[in-house]
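# Analysis of the macromolecular model
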Amino acid sequence: PTPSPAAVASAANAARGVPVANAAESVAESVADIARRSPWRTPSDAAWLPAPSSLSAAEGPALALGECVCFRHYRQPGDDTGYLRLLRGDRVQVTWTDGVPGGWVHCTSLADSGHGYVPQGILVVSPPPVRRAISLGEGLMTLAEFSAPADQDGYLTVRPGDELVAEHRTVDPSIWVYASRSRSAEGGQPVEKGWVPVCVLAP
């Protein structure tokens with residue numbers, strides 16, 4: 001269930017002094033467990049990124065502090081503040097966890113420094129990002145899916161095997177890339193453009 005404002009405030013206070021025991025071992029176990037259940041088997045970020053609906057909030061151990069990636073869009077409940085909106089592919093730094101599988105964590109977005117509470121069921125422990133810049137005009141191949149959010153413009157829906165072209169160069173390492181895809185080579189359809197998370201691309 002969604003935590004109440006009082007619970008959020010209590011968690012924030014507790015976060016200042018919550019010890020995390022055996023964090024390295026917990027992270028290693030999480031990565032190994034995710035790898036066993038992941039449908040991807042290629043040596044890239046997409047090799048471990050689950051499909052948007054492949055995991056439930058109750059699966060896996062409680063997250064430890066550290067870098068994670070969002071594998072399913074999340075929007076804060078109603079007009080409540082204190083929560084962090086995330087899209088599939090966003091990378092975050094988890095700074096507090098309630099220690100309960102399927103519970104809540106507090107995290108900071110590595111893309112824009114926004115911070116807030118999210119359910120840990122939308123996050124998986126991430127390996128190091130692919131550390132390379134993407135050049136303008138570079139051809140890209142997708143290995144995992146990404147669906148553009150219905151209430152936000154500027155994103156591009158992709159499926160495994162889509163061929164894209166980078167419309168802007170990125171810094172190293174990058175989280176998002178602005179890319180284009182021709183909808184039809186024969187029908188004169190307009191070129192689609194939008195933001196795509198780098199973690200769904202082949203390295």
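Just so you know, these numbers come straight off a predicted model, no measurement behind them.

This part takes up the overall build of the protein chain. Within the protein chain one finds 2 helices and 9 strands. Seen in sequence order, the protein chain has helices and strands lined up from the N terminus as α-α-β-β-β-β-β-β-β-β-β. The contacts in the protein chain between residues at least 6 apart in sequence include a share of 55% that link residues at least 24 apart.

Strand order in the open sheet formed by 4 strands is 6-7-8-9, with antiparallel pairing between adjacent strands. Looking at strand neighbours, the two that pair on one side only are strand 6 (139–141) and strand 9 (191–197), the edges of this open sheet. Direction aside, neighbouring strands of the sheet carry axes that sit 40 degrees apart on average. The pairing of strand 8 (residues 176–182) with strand 9 spans 7 bridges and is classified as antiparallel. Looking across to strand 9, one finds that Ser180 is bridged to Lys193.

Counting 22 residues, the largest nonpolar core has Leu140, Leu164, Val177, Val196, Val200 and Leu201 as its most contacted members. At the level of secondary structure, the elements contributing two or more residues to this core comprise strand 7 (163–166) and strand 8. Every residue in contact with Val196, bar those within four places of it in the chain, is listed here: Leu156, Val158, Leu164, Ile175, Trp176, Val177 and Leu201. Core analysis: the second largest hydrophobic core is formed by 18 residues, Tyr74, Leu84, Leu86 and Val118 among them.

Below, the discussion takes up the packing of aromatic side chains. The description of two aromatic rings rests on the distance between their centres and on the angle between their planes. By the definition in use, this model includes 6 aromatic pairs. Ring centres of Phe146 and Tyr155 lie 6.3 Å apart, and the angle between their planes is 55 degrees; this geometry places the pair in the tilted category. Taking relative accessible area as the criterion, Phe146 reaches 0% and is therefore assigned buried. Through a chain of ring-to-ring contacts, the aromatic side chains of Phe146, Tyr155 and Trp176 assemble into a single cluster.

Parameters at a glance
- Residues numbered from 1 in each chain as written.
- Predicted model: local features only at pLDDT ≥ 70, side-chain atom pairs only at ≥ 80, totals over all residues.
- Heavy atoms only, no water.
- Helix = DSSP H or I, 4+ residues; strand = E, 2+ residues; numbered from the N terminus.
- Contact = heavy atoms within 4.5 Å.
- Pairing = 2+ DSSP bridges.
- Axes fitted to C-alpha atoms, helices over the stretch in contact; angles between N-to-C directions.
- Core = buried A, V, L, I, M, F, W, Y, C linked by side-chain atoms within 4.5 Å.
- Buried < 20%, exposed > 50% of the residue type's maximum accessible area, 1.4 Å probe, protein only.
- Phe/Tyr/Trp six-rings, centres within 6.5 Å; stacked < 30°, edge-to-face > 60°.

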